[in-house]
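Residue-level structure breakdown
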Protein chains: 2
Amino acid sequence: MKRQTWQRAAVREALTAREGFVSAQDLHTALKAGGSPIGLATVYRALADLAVDGDADSLQSSDGENLYRACISQGHHHHLICRSCGRTVEIEADAIEQWAAQVAAANGFREPRHIVDVFGTCASC
Amino acid sequence: MKRQTWQRAAVREALTAREGFVSAQDLHTALKAGGSPIGLATVYRALADLAVDGDADSLQSSDGENLYRACISQGHHHHLICRSCGRTVEIEADAIEQWAAQVAAANGFREPRHIVDVFGTCASC
DNA sequence: GCGATTTTGACAATCGTTCTCAGATAGCCC
DNA sequence: GGGCTATCTGAGAACGATTGTCAAAATCGC
Ligand SMILES: [Zn+2]
Ligand SMILES: [Zn+2]
Ligand SMILES: [Zn+2]
Ligand SMILES: [Zn+2]
C-alpha cells in the first residue's frame, strides 16, 4: 500500500498551484526555491505515481521531456495547449473517441488507445 | 543545397525496407549488420532531414525515443500503429482536421497543430 | 582536375531520467 | 509510547538517447 509522506503532498500541492504543464525538473526547482529540501528523484517518483493514479495528466514535449499537470476533469480527456505560455484547456470529444475506436476496429486492431493533443497560440500570447 | 551521398541513400533505403517505425539506433545497427561502415551521427542527421522534407514520418515512443518510418502518402496524415509488431496503417480523416481547427478557434487559439495517433494490437498479433 | 563548401564519423558532452543503497520514516501491533 | 518492518527518501552514480566538435574526406560547379 502507498504511504502518505509530506513529500508527496508537497509535489501534489506544487503541481496544483501551476497553471499549465510543468517538467519534473522545473517543479523540483520551484519546490527547492520555496525552501523544501525535497530530492529530485522523489519528485520524479511522485509525479509518475500521480499520473498512474489519474490525478495528473502527462505528455511528452517535442524535445522529449515528460510534462505534468494537475488534472481537473476526472475522466478521459484531451488538451488544447498554448505553445507559448503553456495555458491548457481540457477537451472532451466523444466524436474523437468513437472515431478512434471505429478506425481501429475497421483495420482489425484490438484494444485501441490514442494520443490526441492540439497545440496553438492562445489569445493572450 | 543538399549534397547526394551514399550514406543518405543507404538510410533512405534501409528505412524503406522496414515495415513499421524504427529508432535511429536500430536502423544504424541494421546498416552495420549489413556491412555498411556508416556512422551513428550520420544516421541521426539523415533521418532528421528525411522527416523535415516530409519523406519520413516521425513520432516519439512512450519511452521517449524518436521513431521514423518511410512515408507512403505524401500529405498530412495520422497513424494506426500495432504496439506489438509495429505494423502501421496511414489514416486520413478530414473530420479530425476540422475538429482540431474548430476546437482551437473556439478557444481563441491561433496556428493550431495537432498530434493524433492510435495504438492497438493488430489482427496478426 | 581544382577548390570552396558541405558532409562525415569517432568521440566527447549534454541532459532527462532511472538506479543504487544506506539511512529515515510511516503504519501497525503490542 | 515503544518497537518492528516494509516502504520511502535522497545524494550521487549510472544510463541512454541525442547532439556537439572538429579534422579528414567527399561532393559539385567550374
Ligand atoms: Zn498563451
Ligand atoms: Zn480520447
Ligand atoms: Zn502487430
Ligand atoms: Zn491531422
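Being a predicted model, the structure only gives us computed values, none of them experimental. (Residues numbered from 1 in each chain as written. Chains lettered and ligands numbered in written order. Predicted model: local features only at pLDDT ≥ 70, side-chain atom pairs only at ≥ 80, totals over all residues. Heavy atoms only, no water.)

Let's talk about unusual backbone geometry
- Notably, Glu-111 of chain A is not glycine yet its phi reads approximately 50°, a positive angle.
- Within the secondary structure, Glu-111 of chain A sits in strand β6 (residues 110-121). (Helix = DSSP H or I, 4+ residues; strand = E, 2+ residues; numbered from the N terminus.)

Notes on the coordination of the zinc ion (ligand 4)
All names here are of chain B.
- Taken together, the protein ligands of the zinc ion (ligand 4) are His-76 (NE2), His-78 (NE2), Glu-97 (OE), Glu-97 (OE) and His-114 (NE2), with distances of 1.9 to 2.4 Å.
- The motif formed by the donor residues of the zinc ion (ligand 4), counted along the single chain, is H-x1-H-x18-E-x16-H. Highlighted residues: His-76 in the loop between β3 (66-70) and β4 (78-82) and His-114 in strand β6 (residues 110-121), separated in sequence by 38 residues.
- Among the residues examined, His-76 registers a relative accessible area of 49% and is labelled partly exposed. (Donors = N, O, S within 2.8 Å, 3.2 Å for Na, K, Ca; no water. Buried < 20%, exposed > 50% of the residue type's maximum accessible area, 1.4 Å probe, protein only.)

Some details on the coordination of the zinc ion (ligand 3)
Residues and elements named next belong to chain B.
- Looking at the zinc ion (ligand 3), one finds its protein donor set to be Cys-82 (SG), Cys-85 (SG), Cys-122 (SG) and Cys-125 (SG), positioned 2.2 to 2.4 Å from the metal centre.
- The sequence pattern describing where the donors of the zinc ion (ligand 3) fall on their chain is C-x2-C-x36-C-x2-C. With a gap of 37 residues between them, Cys-85 in the loop between β4 and β5 (88-91) and Cys-122 in the segment after β6 connect regions that are remote in the sequence.
- Owing to a relative accessible area of 44%, Cys-85 belongs among the partly exposed residues under this scheme.
- According to the relative accessible area criterion, Cys-122 is buried, its value standing at 0%.

Section: the relation of the copies chain A and chain B
- If you rotate chain A by 179° and push it 0.1 Å along the axis, it lands on chain B with an RMSD of 0.1 Å. In short, the pair behaves as if placed about a two-fold rotation axis. Taking the C-alpha atom as reference, chain A places Val-116 of chain A closest to the rotation axis, 2.3 Å from it.
- Most of the interface of chain A is mirrored in chain B, where 100% of its interface residues again form contacts. (Least-squares fit on C-alpha atoms with pLDDT ≥ 70 in both. Contact = heavy atoms within 4.5 Å.)

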